[in-house]
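Observations on the three-dimensional arrangement
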Amino acid sequence: MTQFVALPPGLSAAEFERALGELRGLLGTDRVVAVADRLRPYQKMMIPAPDEAHVPSGVVMAESVTEVQGILAICNRYRIPLWPTSTGRNFGYGTSSPATRGQLILDLRRMNRILEVDAELGTALVEPGVTYQQLHDYLSERDIPLWLDFPGPGPIVSPLGNTLERGGGNTPYGDHFAHACGMEVVLADGRVLRTGMGSIPNTTSWQVFKYGYGPYLDGIFTQSNFGVVTKLGLWLMPAPPGHRTVLVQFDAEAQLPAAVDTMRRLQLQRVITNVGVMATAVMALSTFKTRAELYDGPGPVPQPVIDAAARDSGIATWNMTFTLYGTPAQIAPNLAIVTEAFEAVGGRVNPDFHDGSQVNELSLASFGILNWVGGGGLAWFAPVSPARGSDAARQAKLARRILGAHGFDYLAAPTLNGRDLHHLIALVYNRNDADEKQRANRCFEQLVHEFAQHGYGLYRVGIDYMDKLAGIYGSVNRDVNRAIKQALDPNGILAPGKSGIHP
Ligand code: ADP
């Protein structure tokens, strides 16, 4: 009998062995994994959580909807919790590890068909395992003039997985869930739901009109554990005739509020149509320098050291980028408007900047951030606030103080999108150093706690903080989620603990 790395809760080794036997009958031996060696690639959690709390019991790999249904049937019978992943990256939020120990990972990477691209309408229908790179190649090989919007690790992650987490990118289609249209969901009992117009026989409009008829259900299948999403419709941006990426730099910390207020106004007027990303000096430096190159003492890198390194590299205290899209005739007046607006609040405007993420160029450059300290630790802390200068300044002050107190740098990119601001902060640390890992965890805890005291919640969180964050959102929220959970998954087999939702 196999020595299991973890067992599903409540199952004996013999029962689990029997269940695996049935799963092998369905999928073949190769696509059912429970040995330690082959599970290791699924255990590369970057967050500062205890590894043993998130060990999976195994992995099953499905290649079709029918197989997903078969797996669900077996897991229902044995009460085995199943943690679905698409490409399983989810970097800085738990990678492919489950929220609780002993869940069986449902790896959907092999379901990677691009089912449809409509060049005229700018729509696509994809399976979970499709990566942004794959879709990008598909479009460029066929000369289809549509752009993608992708998150930092773009090439190797999936539009479906990222959209289900309500991730974001940097073009005008940066709110991924807002640009998704139509889902296919396998429910825990094996029934297949197509949302929106997808339930009309011979539907013509699944990828063009989101709402269908009756309650709009798509939202309940994001950041949740109510079903396994096997298809997702996407809206893709027509390649614009031209674009110009603008960098606006602010030298003083105190200029942050004016920069944010100006950006919000320009976005609400639709002069700027994509996000405004405000990189801190350390964030900008981390893309090409390591911490050790600047400083080898304990604690956060001292401000004078950061300032000197930044000055040498043409980096300011706040470095804001955005892009103007359109014909040269459209861009020219908009550039004049934004230049005047940002110069009026002391910004230095460079209209010839380059940022691939704003213009459909996939790259792995965002991983540079991990080299800042080395050792592979990363937890994203992503509080939301109104896009108001006063809130941004308050958050910056709070974050800098808490990170500094635990010895970490303020690697942040507050990202503005009209009315809201996601104050994205990368807590990078050396995961091989037990003390540093513990400090990172304590730091994260304090960040969550103090931001909540100021009325700021997170838009997404790692698997180790899901219960705590759900707790902050309160008991009515929790009860409603649990009622839906009980109705759709009475045995509680789908991803227990996801977003703090338990059976
Ligand atoms: P990516 O690789 O694109 O970063 P993941 O595949 O890691 O995204 O998915 C992120 C999270 O979304 C997973 O941890 C899981 O909770 C959820 N998820 C991913 N794919 C599915 C799916 N097809 N159905 C239901 N939930 C999913």
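See the structure printed just above.
These lines cover the structure that appears in this document, whether it is placed above or below. Keep in mind it's a predicted model, so treat the numbers as computed, not measured.

Some words on the packing of helix α1 (residues 13-27) against helix α3 (residues 65-78)
Running from N to C, α1 and α3 point in directions that differ by 165°, and their axes come no closer than 10 Å. It follows from the interaxial angle that α1 and α3 lie roughly antiparallel. Here the hand of the crossing between α1 and α3 comes out right-handed. Across from Glu-15, Arg-18, Ala-19, Glu-22, Leu-23, Leu-26 and Leu-27 in α1, the residues of α3 making contact are Glu-67, Gly-70, Ile-71, Ile-74, Arg-77 and Tyr-78. The class makeup of the residues in the contact of α1 with α3 is 7 nonpolar, 1 polar and 5 charged.

Observations regarding the sheet that holds strand β8 (residues 180-186)
Spatial strand order, β5-β6-β10-β8-β9: 5 strands in an open sheet with antiparallel pairing. Either end of the sheet is taken by a strand with one partner, and the two such strands are β5 (114-118) and β9 (192-194). Ignoring which end each strand starts from, the neighbouring axes of this sheet average 10° apart. Together, β8, β9 and β10 (228-235) form the strand contacts of α3, whose direction differs from that of β8 by roughly 50°. Across the sheet, helix α4 (residues 132-141) touches β5, β6 (123-126) and β10, and the angle it forms with β5 is around 50°.

Focus on the packing of aromatic side chains
This model, assessed by the stated rule, comprises 13 aromatic pairs. Look at Tyr-132 and Phe-150: their rings are 6.4 Å apart centre to centre, the planes differ by 65°, and that puts the pair in the edge-to-face class. Within this pair, whereas Tyr-132 is found in helix α4, its partner Phe-150 is found in the loop between β7 (146-147) and α5 (159-164), the two being separated by 18 residues in sequence. When sorted by exposure, Tyr-132 lands in the same class as Phe-150, which is buried. Centroid distance Trp-147 to Tyr-325: 6.0 Å. Interplanar angle 75°. Geometry classified as edge-to-face. Remark: Tyr-325 occurs in strand β14 (residues 318-325) and Trp-147 occurs in strand β7; sequence separation between them is 178 residues. A connected cluster of aromatic rings, assembled from ring pairs, spans Phe-381, Phe-444, Phe-451, Tyr-456 and Tyr-465. Sitting over the ring of Tyr-138, Arg-142 keeps its end group 3.7 Å from the ring centre.

Things to note about empty space enclosed by the protein
Enumeration over the complete set of coordinates arrives at 1 cavity of 30 Å³ or more. What the largest cavity holds in volume is close to 150 Å³. Lining the largest cavity are 14 residues, with Asp-149, His-176, Leu-234, Trp-235 and Leu-236 positioned closest to its centre. Breaking the lining of the largest cavity down by element, the ones donating at least two residues are α5 and β10. Per-class residue counts for the lining of the largest cavity are 9 nonpolar, 4 polar and 1 charged.

Some thoughts on the pattern of salt bridges
Applying the stated rule across the entire model yields 29 salt bridges. The salt bridge partner of Glu-253 is Arg-400, with a shortest N-O separation of 2.7 Å. Of this pair, Glu-253 sits in the loop between β12 (243-250) and α6 (256-268) while Arg-400 sits in helix α11 (residues 389-405), placing them 147 residues apart in sequence. Relative accessible area serves as the criterion here: at 33%, Glu-253 is assigned to the partly exposed category. The shortest N-O distance in the salt bridge between Glu-445 and Lys-468 comes to 3.2 Å.

Reading guide: rules and limits
Residues numbered from 1 in each chain as written. Predicted model: local features only at pLDDT ≥ 70, side-chain atom pairs only at ≥ 80, totals over all residues. Heavy atoms only, no water. Axes fitted to C-alpha atoms, helices over the stretch in contact; angles between N-to-C directions. Helix = DSSP H or I, 4+ residues; strand = E, 2+ residues; numbered from the N terminus. Parallel < 35°, antiparallel > 145°, perpendicular 65-115°, else oblique. Left-handed = near helix turned anticlockwise from the far one by under 90°. Contact = heavy atoms within 4.5 Å. Nonpolar A, V, L, I, M, F, W, Y, C, P; charged D, E, K, R; others polar. Pairing = 2+ DSSP bridges. Phe/Tyr/Trp six-rings, centres within 6.5 Å; stacked < 30°, edge-to-face > 60°. Buried < 20%, exposed > 50% of the residue type's maximum accessible area, 1.4 Å probe, protein only. Lys NZ or Arg CZ within 6 Å of the ring centre and 35° of its normal. 1 Å grid on protein atoms, 1.4 Å probe; cavity = no way out; pocket = protein on both sides within 12 Å on 5 of 7 lines; lining within 4 Å. Points joined across faces, edges and corners; volume = space filled by probe spheres on them. Salt bridge = Lys/Arg side-chain N within 4 Å of Asp/Glu carboxyl O.

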